Amino acid sequence: MPIVPEDYDRSPLNPEEQAALASLVQAQSFPMKRQARKNLLRLQQPIFDVVALRTQHDAQHHREIRKFVYEEMFRRGRSFWEWSQAEWINIICPTHKDFLSRHRLNGIRPSLIDMAYLLGGMSNLCPVNIMQMCMNTAQRIFGSEVIEQAFRRITDVLVGSQGRGYRDGPYLRKCKRTLCLLFLLNRSPYLEDLSEVVFQQAIASTSTLELSLFALLRSVLHELNLFEPSQEQALPSFQERYPDTSEVPQEWVQWCVAWLKQTPTLPLARRRRYLEIFFSAGRWLMANHHGIVSPEQWDEHIALDYVNFVCTSTAGEHASPAGIKSLVTKGIVGKPLAPRSIHNKLSAMSRLFRDLQDRPYAVGEEATRKITRRFLPHEIFATPPSIKRLIQPDPRDLDELTWCKLTYAAATFTEEDCASFRSYPVSYHRALALLWVSSARRANEIRRLRIGCIRRDWDPEMLNEHGVPFPVQNAQLCYLHVPPNKTKGPYWIPIPQYVADAIEVWEQERPKNQHMLIDPKDNSLVDFLFCFRGSILGRDFLNKSLIPALCKRAGIPERDARGAITSHRGRSTIATMLRRNGLSLDDISEFLGHAKPEMVRAYARTDPFWNCPRKMETSKVKVRSSLRE
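Scoring rules and cut-offs
- Residue indices follow the written sequence of each chain, beginning from 1 at its first position.
- A pLDDT threshold of at least 70 governs which residues receive local features in this predicted model, and a stricter bar of 80 or more applies before side-chain atom pairs are shown or counted, although totals over entire chains, interfaces and linings include all residues.
- Think of the side-chain values as coming from all heavy atoms in the structure, minus any hydrogens and water.
- Each helix corresponds to a stretch of at least 4 residues labelled H or I by DSSP, and each strand to a stretch of at least 2 residues labelled E; elements are numbered beginning at the N terminus.
- Summary of the burial criterion: residues with accessible area below 20% of their type's maximum are buried, those above 50% are exposed, and those between are partly exposed, where the area comes from a 1.4 Å probe applied to protein chains only.
- For every accessible area listed, the method is Shrake-Rupley and the probe measures 1.4 Å; residues are considered covered only by the protein chains on display.
- Here, nonpolar core means buried Ala, Val, Leu, Ile, Met, Phe, Trp, Tyr and Cys residues that are tied together by side-chain atoms lying within 4.5 Å of each other.
- Residues count as neighbours in contact if any of their non-hydrogen atoms are within 4.5 Å of one another.
- When two rings of Phe, Tyr or Trp (its six-membered ring) have centres within 6.5 Å they constitute a pair, described as stacked for plane angles under 30 degrees, edge-to-face for angles over 60, and tilted for the intermediate range.
- The criterion is that NZ of a Lys, or CZ of an Arg, lies within 6 Å of the ring centre and within 35 degrees of the ring normal, and then a charge sits over that ring.
- The predictor attaches a confidence to each residue, called pLDDT, with possible values from 0 through 100.
- Two N or O atoms count as a polar contact when they lie within 3.5 Å, although within protein this holds only if one can serve as hydrogen donor and the other as acceptor, and sequence-adjacent residues are included solely when both atoms are side-chain atoms.
- Expected helix span is given by 1.5 Å per residue-to-residue step, counting one fewer step than there are residues.
- Every definition here rests on a 1 Å grid over the protein atoms only: cavities are sets of points where a 1.4 Å probe fits but cannot get out, pockets are open sets enclosed by protein on both sides within 12 Å along at least five of seven lines, and lining residues have some atom within 4 Å of a point.
- Grid points are joined across faces, edges and corners, and a volume is the space filled by probe spheres set on the points.
- Paired strands are those between which DSSP finds at least two bridges.
- Note on method: axes are straight lines fitted to C-alpha atoms, helices fitted across the in-contact stretch only, with angles between N-to-C directions ranging 0 to 180 degrees.
- Residues are grouped as follows: Ala, Val, Leu, Ile, Met, Phe, Trp, Tyr, Cys and Pro are nonpolar; Asp, Glu, Lys and Arg are charged; all remaining types, including Gly, are polar.
- Directions from the helix axis toward the C-beta atoms define the arc.

Remarks on the overall build of the protein
Looking only at helices and strands, the protein has 27 helices and nine strands in total. Evaluated residue by residue, the protein yields a buried proportion of 43% over its 629 residues. When the accessible area of the protein is evaluated, it comes to approximately 33,000 Å², of which 51% is carbon and sulfur surface.

Below is the structure:
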């Protein structure tokens with residue numbers, strides 16, 4: 001520390017010093033003021049030493065701060081050594097604007113903050129809004145060179161292709177500011193002295209900083225072997241992970257929870273969907289059958305009433321506030337439920353009551369029990385035939401010309417096209433875009449691809465359809481390793497050579513110093529291909545960032561008559577094209593990675609128009625001429 005309180009006389013004010021303060025504040029004659037200042041030299045020295053950290057040669061500035069502090073000491077009857085932290089905060093004020101409004105003085109507040117920190121023992125400066133000036137304060141107190149050396153150790157881990165891919169910019173400046181805050185809280189500018197306690201103090205004291213900055217610094221310190229991470233915080237209780245249970249009978253919630261706990265094989269995404277359906281049914285109970293709070297009270301009349309409600313309801317009825325907000329974003333609030341949504345709601349309720357009737361469940365602290373079989377769930381909650389007929393495969397493939405333009409845009413993607421998200425290299429976007437337009441992969445499969453997912457095979461004895469050996473440069477067969485998905489395990493699919501080239505270019509540019517992450521599908525540690533700055537590709541990046549950029553480059557709207565252009569619609573388009581070109585449904589199903597061949601009917605539309613060779617050739621000519629234009 002540049003200033004140590006123990007080096008000064010910190011005894012309370014004596015009568016002579018109190019009289020000297022009075023004579024200075026009450027504006028008596030100059031000789032008396034001169035004598036009073038001499039009597040207060042032991043208090044003047046630490047004040048001037050602190051002010052010199054920021055201003056060494058401005059005598060007027062020194063005198064202004066000295067006068068202000070003397071007035072505050074006279075008003076309080078105690079020296080600044082005896083002020084409490086609450087008094088320091090009251091004097092300095094929470095913001096600079098408040099300080100100006102109260103004291104009508106400009107330019108002295110930073111030095112007062114230094115005094116509170118160095119002389120008043122006030123380590124947590126967040127109550128006086130230190131965030132905007134904590135970097136400057138830390139540099140004045142600890143020295144700029146010490147701060148820069150510490151931060152250089154952080155940036156060596158983060159910046160560049162040998163780091164995690166960060167670039168010097170606003171985010172790293174925020175990171176440096178956060179590091180300075182931690183140094184001030186810890187009263188030490190050394191990384192080795194930081195601990196979990198300091199991090200928790202900083203997190204509790206700041207509301208404007210992003211938690212990601214603290215998490216990033218934690219991970220870097222751990223990588224430098226300077227910081228032992230604390231034990232994993234206890235997972236939130238089962239109740240805290242629920243969807244919103246507002247306006248749902250408590251006993252209904254307990255039965256749903258008991259069912260969920262005894263159905264561990266249900267996928268996580270489906271567990272949450274089921275809970276949302278069940279809690280929505282609980283709100284319907286509160287609104288229409290107020291005395292019914294438990295599945296045990298349901299009879300055939302109530303079940304049929306619920307089926308009638310579901311078949312005639314609109315999107316958003318009896319949904320949670322978060323659910324309504326999501327539906328508003330999609331623009332479907334108030335619209336009739338889709339046939340498949342009706343089927344899903346009834347199927348979920350049918351499964352719930354079947355299980356509750358067949359197996360005993362422990363609800364709350366009571367003994368396990370079944371509910372009385374008053375009706376047959378599979379009959380009462382069966383989807384009406386009129387609605388079931390409406391649930392047919394309906395591929396939402398894109399127009400041929402639109403898809404050709406998107407494919408060309410992906411192949412010619414440039415840095416100007418990713419101006420809105422320049423933090424990622426253009427090779428990152430080009431590899432993603434080419435994968436989307438050529439591989440028919442799900443968005444989740446693309447984001448979970450691993451390093452080394454490309455394989456190139458070549459056999460000099462391979463012949464073309466005429467029995468002639470392939471040229472060496474064209475004899476490579478390229479394959480993409482698809483990670484385990486929701487229907488099958490890992491497998492290989494063929495991809496064009498230019499896509500494999502784009503992926504390998506990104507692999508070479510991908511930052512090297514990134515940790516392996518857990519793949520939630522198989523709980524394994526893997527090196528994800530599309531990992532940048534230690535984070536995997538976002539779930540919505542394709543639909544909300546990359547595809548709109550491709551549409552802008554291709555000069556096409558982001559929506560058509562069937563809705564927004566999404567990653568899944570690209571999958572349907574490729575499946576439909578393969579079907580048009582004569583590929584069997586079994587082969588298409590194998591390429592898409594379906595466990596059941598009949599599922600491909602939801603993706604691949606059979607168009608009789610394309611069965612006519614003359615019409616098909618005419619259409620291809622039109623597409624080529626349009627692209628040429």
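What to know about the nonpolar core
One finds V69, F80, L112, M115, I154 and L191 to be the most contacted residues of the largest nonpolar core, which totals 74 residues. Sorting elements by how many residues they give to this core places helix α10 (residues 170–186) first, with nine residues. Once residues lying within four places of it in the same chain are set aside, the contact partners of I154 are L179, L191, L217, V220 and L221. Counting residues in hydrophobic clusters, the runner-up holds 54 residues, among them W403, A502, F530 and M577.

Considering the packing of aromatic side chains
As enumerated under the stated definition, the model contains 29 aromatic pairs in all. On the basis of an interplanar angle of 45° and a centroid distance of 5.0 Å, the ring pair of W298 and F353 is categorised as tilted. Pair noted here: W298 is in the loop between α14 (268–288) and α15 (300–312) and F353 is in helix α17 (residues 339–358), with a separation of 55 residues, a long-range link. The residues W298 and F353 share a single accessibility class, namely buried. On the numbers, 6.2 Å between centres and 50° between planes, the contact of W506 with F532 is tilted. Of this pair, W506 sits in helix α23 (residues 497–509) while F532 sits in strand β6 (residues 531–532), and the two are 26 residues apart along the sequence. The class for W506 is buried, based on a relative accessible area of 0%. An aromatic cluster of three or more residues is present, and its members are W252, W284, W298, Y306, F309, F353, F375 and F381. For the cation-ring pair, R187 lies above Y117, with the distance from its terminal atom to the ring centre recorded as 4.2 Å. Directly above the ring of Y479 sits R455, whose terminal nitrogen or CZ lies 5.1 Å from the centroid.

Quick look at unusual backbone geometry
The phi dihedral of E247 is positive, around 65°, even though this residue is not glycine. The topology assignment puts E247 in the loop between α12 (211–223) and α13 (250–261).

Re the confidence of the model for the protein
Taken residue by residue, the protein gives an average pLDDT of 84. The fraction at 70 or more is 89%. Least confident of the elements in the protein is helix α27 (residues 613–628), whose mean pLDDT is 49; most confident is α15, at 94. A low-confidence stretch, residues 231–240 (pLDDT under 50), is modelled with eight contacts involving residues beyond four sequence positions or located in other chains. The low-confidence segment residues 608–616 (pLDDT under 50) makes eight contacts with residues lying over four places distant or belonging to another chain.

Here we look at the environment of K370
Following the sequence through the fold, K370 ends up in the loop between α17 and α18 (377–380). On the basis of relative accessibility, which here comes to 46%, the residue K370 falls in the partly exposed class. Here K370 is in contact with E296, L356, Q357, D358, R359 and P360, once residues within four sequence places are set aside. Engagement of the side chain of K370 in a polar contact is seen with the backbone oxygen of D358, the distance being 3.4 Å.

Let's talk about helix α20 (residues 400–411)
Here α20 spans 17 Å end to end across 12 residues, near enough to the 16 Å set by a 1.5 Å rise per residue. Burial in α20 covers these residues: T402, W403, C404, L406, A409 and A410. Between the side-chain oxygen of the N-cap and the backbone nitrogen of L401 there are 3.1 Å, and the N-cap of α20 in question is D399.

Concerning empty space enclosed by the protein
Under the counting rule described, the total for this entry stands at one cavity of 30 Å³ or more. Taken as a whole, the largest cavity holds about 30 Å³ of empty space. In terms of lining residues, the largest cavity is bounded by A443, R447, L537, G538, R539, F541 and L542. Listed by contribution, the elements that provide at least two residues to the lining of the largest cavity are α22 (443–447) and α24 (541–554).

Focus: the sheet that holds strand β2 (residues 477–482)
Read across the open sheet, the three strands follow the order β1-β2-β3; overall the sheet is antiparallel. At either end of the open sheet lies a strand with only one pairing partner, and these are β1 (454–457) and β3 (491–495). The sheet shows a mean angle of 35° between the axes of neighbouring strands, direction not considered. In the sheet, β1 pairs with β2 via four bridges, with the strands oriented antiparallel. Bridging from a neighbouring strand, R456 pairs with C478 of β2.

Describing the pairing of β3
Here β3 shows a clear split, with Y491, I493 and I495 buried on one side and none of W492 and P494 buried on the other. As defined by bridge partners, β2 adjoins β3 across five bridges and the pair is classed as antiparallel. Its bridge partner being in β3, Y479 is matched across the sheet by P494.

Re the side chain of D519
Looking at the element boundaries, D519 is found in strand β4 (residues 517–519). The exposure class of D519 is buried, given its relative accessible area of 0%. Separated by 2.6 Å, the side chains of D519 and R450 make a polar contact. A polar side-chain atom of D519 sits 3.0 Å from the main-chain amide nitrogen of K521. If we ignore the near neighbours within four places in the chain, the residues touching D519 are R448, R450, S524, V526 and F528.

Brief notes about the layout of surface pockets
Here the second largest pocket is characterised by a volume of approximately 290 Å³. Taken together, the elements giving at least two residues each to the lining of the second largest pocket come down to α1 (15–25), α2 (30–39) and α4 (59–76). Broken down by element, the lining of the second largest pocket gets its largest block of residues, seven residues, from α4. Taken together, the residues of the lining of the second largest pocket break down into four nonpolar, one polar and seven charged.

A short note on helix α11 (residues 196–205)
Of all the residues in α11, the buried ones are E196, V198, F199 and A202. Projected onto a plane normal to the axis of α11, the buried residues spread over an arc of 160° and lie on a single side. Opposite the buried face of α11, at more than 90 degrees from it, the exposed residues are V197 and A204. Where α11 is buried, its residues touch α10 and α12.

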